[in-house]
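Residue-level listing of the chains:
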Amino acid sequence: MTLPTYADWQLIAEQSLSGIAPTIEQGLTVLGAPDDELLPLMQAAFKVRRHYYGRKVKLNMIINAKSGLCPEDCGYCSQSVVSTAPVPKYTMLDKETLLAGAREALARRAGTYCIVAAGKGPTEKELEQVVEAVKEIRDTMPLKICACLGILKDGQAQRLAEAGVHRYNHNLNTSRANYPSITTTHTYDQRIETVEKAKLHGMSPCSGVIIGMGETDREIVEMAYALRELDADSIPVNFLNAIPGTPLEGAGRTKAIKALKVLALFRFICPTKEIRAAGGREVNLRTLQPLALYAVNSLFVGDYLTTEGQEVSADHQMIEDLGFEVEVCAL
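Residues numbered from 1 in each chain as written. Predicted model: local features only at pLDDT ≥ 70, side-chain atom pairs only at ≥ 80, totals over all residues. Heavy atoms only, no water.

Engineer: Can you lay out helix H3 (residues 38-53) for me, pointing to particular residues and giving the numbers?
Structural biologist: In this model H3 runs 21 Å from its N-terminal to its C-terminal C-alpha over 16 residues, within 8% of the 22 Å that 1.5 Å per residue would give. Those residues of H3 that sit buried are Leu-38, Leu-41, Met-42, Ala-44, Ala-45, Phe-46, Val-48, Arg-49 and Tyr-53. The inward-facing, buried residues of H3 abut helix H1 (6-17), helix H2 (24-31), strand E1 (56-66), helix H9 (256-269), strand E8 (274-277) and helix H11 (289-292). (Helix = DSSP H or I, 4+ residues; strand = E, 2+ residues; numbered from the N terminus. Expected span 1.5 Å × (residues − 1). Buried < 20%, exposed > 50% of the residue type's maximum accessible area, 1.4 Å probe, protein only. Contact = heavy atoms within 4.5 Å.)

Here it is as structure tokens:
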């Protein structure tokens, strides 16, 4: 068997830059690349990343606006009804707390503030609380606002858009084939429909994946293609952080080198999009986190929903040490 070389990765990069996505076979070659080829592969991914985003890094901050109390059975989530993980449980945060979170996002140099709430979808009262907070943030702070509130009912996407939400997040999480093994309380198609509903009302679509939930390499390639087809503007690539008390607690971590190959794959298949090294990057990439920035152009800073991230100062230092630059304003 002929092993891929520097020229092969450069060819994939050139195809990507010309608008031609890698074939399924090329995608599998990226994921199965020999570890000795990691640096040439990441250099090829950086060629694409640099073309569209230079050396800028977008920072995003999450606030867990409603924790626990979720009726869904998603196997990866510590807030689900089937989880026994000891997580905080509280209803939707009030406006002042959401505003304080926005001010913290600015202090962390994050350009995007992500309001995330556990649950199948927002009640009218919860939606109104978010709407009121979003209006004031838009009036007083230079932040891009992303909402992640679950499956939206008729009229809810329009209200969020009218309030000033720039972006709506609803992750596909895994492949269509793998979906029933991860959750049974909603469908893959319902997630697609919610992303399309957000797009219809003028919100930028944000949708991503969680790697490490039993999917095959071919399914990882299919996930990247699904997000290309969905035309998601922002793609968070999460790596499972297997939390004790969740159905997936025994799942092993994704090896750091494999995680980097996944990020390179997503850059090749979705070259123009904001690709974010998201949840689980600290525990999966570990000491190789800096290399991720050669494929991705976005990070979460601070903690996630129920798990801790690394110190914000460490992220800032990592970006500076690499010669990259924080994009302070995402508007």
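Moving on from the coordinates now.
Engineer: Kindly report on the pairing of E1, identifying the contributing residues and their values.
Structural biologist: When a strand is regular, its side chains alternate between the sheet's two faces. Counting buried positions over the 11 residues of E1 gives 10, a clear majority of the element. Tracing the backbone out of E1, into helix H4 (residues 95-107) and back to the parallel element strand E2 (residues 112-117) gives a crossover that is right-handed. (Right-handed = clockwise from strand over helix to strand, strands pointing away.)

Engineer: Mind laying out the packing of aromatic side chains, listing which residues take part and the relevant values?
Structural biologist: One pass over the full model with this rule turns up five aromatic pairs. Seen in terms of ring centroids, Tyr-294 and Phe-324 are 5.6 Å apart; in terms of plane orientation they differ by 85°. Their pairing is edge-to-face. Separated by 30 residues along the polypeptide, Tyr-294 in the loop between H11 and strand E9 (298-300) and Phe-324 in the loop between helix H12 (312-321) and strand E10 (325-327) bring together distant segments of the chain. Exposure remark for Tyr-294: the relative accessible area of 22% places this residue in the partly exposed category. Through successive ring pairs, a cluster of aromatic residues spans Phe-46, Tyr-294 and Phe-324. Lying across the ring of Phe-324, Arg-55 places its NZ or CZ 4.6 Å from the centre. Against the face of Phe-300 rests Arg-276, its NZ or CZ located 4.7 Å from the ring centre. (Phe/Tyr/Trp six-rings, centres within 6.5 Å; stacked < 30°, edge-to-face > 60°. Lys NZ or Arg CZ within 6 Å of the ring centre and 35° of its normal.)

Engineer: Could you give an account of the environment of Leu-248, naming the residues involved and the relevant values?
Structural biologist: Checked against the element boundaries, Leu-248 lands in the loop between strand E7 (234-239) and H9. With 79 residues separating them in the primary sequence, Leu-248 and Glu-327 have C-alpha atoms 35 Å apart. With near-sequence residues (within four places) excluded, Leu-248 lies in contact with Gly-75, Tyr-76, Ile-182, Met-213, Leu-240 and Ala-242.

Engineer: Requested: an account of the side chain of Ser-83, with residues and values cited.
Structural biologist: Examined against the element boundaries, Ser-83 turns out to sit in the loop between E1 and H4. Judged by its relative accessible area of 14%, Ser-83 is buried. Looking at Ser-83, its side chain comes within polar contact range of the main-chain nitrogen of Ala-85, at 3.1 Å. The contacts of Ser-83, once residues within four sequence positions are left out, are Cys-77, Ser-78, Gly-245 and Thr-246. (Polar contact = N/O pair within 3.5 Å; in protein donor to acceptor, adjacent residues only side chain to side chain.)

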